[in-house]
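Here are the chains, one letter per residue:
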Amino acid sequence: MLSILSSLLSLLFLFIISCFFITSHFWFPLSLPKILGFIKITSSRDDYDNEQRDEGTYVVGVEELQRELMPRHVAVIMDGNRRWAKRAGLLTSQGHEAGAKRLIEFSEFCFKLGIHTVSAFAFSTENWGRHKIEVKCLMSLIQHYLKSKIQYFQREETRVSVIGNLTKIPESLLRTVQEIEEATRSYKKKHLILAIDYSGRLDILRACKSIVKKSEKGLIREEDVDEALIERELLTNCTEFPSPDLLIRTSGEQRISNFFLWQLAYTELFFSPVLWPDFDKDKLLEALVSYQRRERRFGCRV
């Protein structure tokens, strides 16, 4: 009886091992991109399941992301750093540091997917109303990350631009901003925009004042004023794609908080309950799948 039982167990073990290798051979390559944390661009034919696929298709589990439907500009309101730190029993500064690290990972993954521009609401004009210690910590953290990542952005050939009212930020941060913008200005394929001391209302107000001044000098006539002219005067004129295709806001808040008021006119909005430091690659893919399922009409009926 024992010998029979032993033989059955041996056969069962061999069967499990065989299934593992068979499954690994046929299915593991399909799930490998997700395990490694990046998306695979499928070829016109998949050798593992012999399923015909179009070129330029990204496999995300059972979902697919089409290259031609990928947003060109993704904006993000990085909300939830302080709550994340509080839940983890950490200092507020540690929450902001985790958020800064997440932004680097977020933008890097976006660029790998072929997204050209990533813009992040790093510090709003209203944030000056926070406690002085937290504000000082944020300014110091931004400067540290920009300074320490200059060579990284050069290696990745990523252009970095900082927009906002930069007259109030610390002199040391301003010098770092100027340094990293100059060091990365020539790169064209990837663009990271940081909004610091930024207000959507003030951006529009600034544009209007600039147009009025040019009009007073005879440089602009009334008939010259149109949407295109206003867009050229906005701070997002630094990028080839000033209007985001997709805006992501984390932590469950469902408002745009004075960010890109003009630029978001036809942007698709995605609100996630996840706190920003926990917004990983899978959550980004979830947002992109949601975006590609939508029909963008821009006010027109198809």
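Relevant structure appears above.
Residues numbered from 1 in each chain as written. Predicted model: local features only at pLDDT ≥ 70, side-chain atom pairs only at ≥ 80, totals over all residues. Heavy atoms only, no water.

1. Focus on the sheet that holds strand S8 (residues 246-249)
By way of backbone hydrogen bonds, the strands of a sheet pair with one another, either parallel or antiparallel.
And step 1. Sheet architecture is open: six strands sit in the order S6-S7-S5-S4-S8-S9, paired in parallel fashion. Every interior strand has two partners, whereas the edge strands, strand S6 (158-163) and strand S9 (268-271), have only one. Strand-to-strand twist across the sheet, computed as the mean angle between neighbouring axes with direction ignored, equals 20 degrees.
And step 2. Relative to S9, S8 runs parallel, the two being bridged by four bridges. Looking at S9, one finds that Leu247 is bridged to Leu269. (Pairing = 2+ DSSP bridges. Helix = DSSP H or I, 4+ residues; strand = E, 2+ residues; numbered from the N terminus. Axes fitted to C-alpha atoms, helices over the stretch in contact; angles between N-to-C directions.)

2. Section: the packing of helix H3 (residues 92-112) against helix H4 (residues 132-148)
And step 1. At a minimum axis distance of 10 Å, the contact between H3 and H4 shows a crossing angle of 30 degrees. Regarding the angle of H3 to H4, the classification is roughly parallel. Judged by the sense of rotation from one axis to the other, the crossing of H3 with H4 is right-handed. On H4, the residues touching Thr92, Ser93, His96, Glu97, Ala100, Lys101 and Ile104 of H3 are Glu134, Cys137, Leu138, Leu141 and Tyr145.
And step 2. Across the contact of H3 with H4, the residue classes break down as six nonpolar, three polar and three charged. (Parallel < 35°, antiparallel > 145°, perpendicular 65-115°, else oblique. Left-handed = near helix turned anticlockwise from the far one by under 90°. Contact = heavy atoms within 4.5 Å. Nonpolar A, V, L, I, M, F, W, Y, C, P; charged D, E, K, R; others polar.)

3. Considerations on the environment of Phe271
And step 1. By the secondary structure assignment, Phe271 is in strand S9.
And step 2. According to the relative accessible area criterion, Phe271 is partly exposed, its value standing at 28%.
And step 3. Between the alpha carbons of Phe271 and Arg249 there is a distance of 5.0 Å; along the sequence they are 22 residues apart.
And step 4. Leave out the neighbours within four places in its chain, and Phe271 touches Arg249, Glu253, Gln254 and Arg255. (Buried < 20%, exposed > 50% of the residue type's maximum accessible area, 1.4 Å probe, protein only.)

4. Notes on the packing of H3 against helix H9 (residues 281-293)
And step 1. Two elements in contact, H3 and H9, have axes whose closest approach is 10 Å; the angle formed by their N-to-C orientations is 50 degrees. Taken together, the axes of H3 and H9 lie oblique to each other. Crossing angle aside, the handedness with which H3 passes H9 is right-handed. Of H9, the residues touching H3 (which contributes Phe106, Phe109 and Cys110) are Lys281, Leu284 and Leu285.
And step 2. Tallied by class, residues from the contact of H3 with H9 come to five nonpolar, no polar and one charged.

5. Remarks on unusual backbone geometry
And step 1. In this structure, Ser251 takes a positive phi of about 80 degrees despite not being glycine.
And step 2. Along the polypeptide, Ser251 turns up in the loop between S8 and S9.
And step 3. You will see that Asn258, though not glycine, has its phi angle at about 65 degrees, which is positive.
And step 4. Looking at the element boundaries, Asn258 is found in the loop between S8 and S9.

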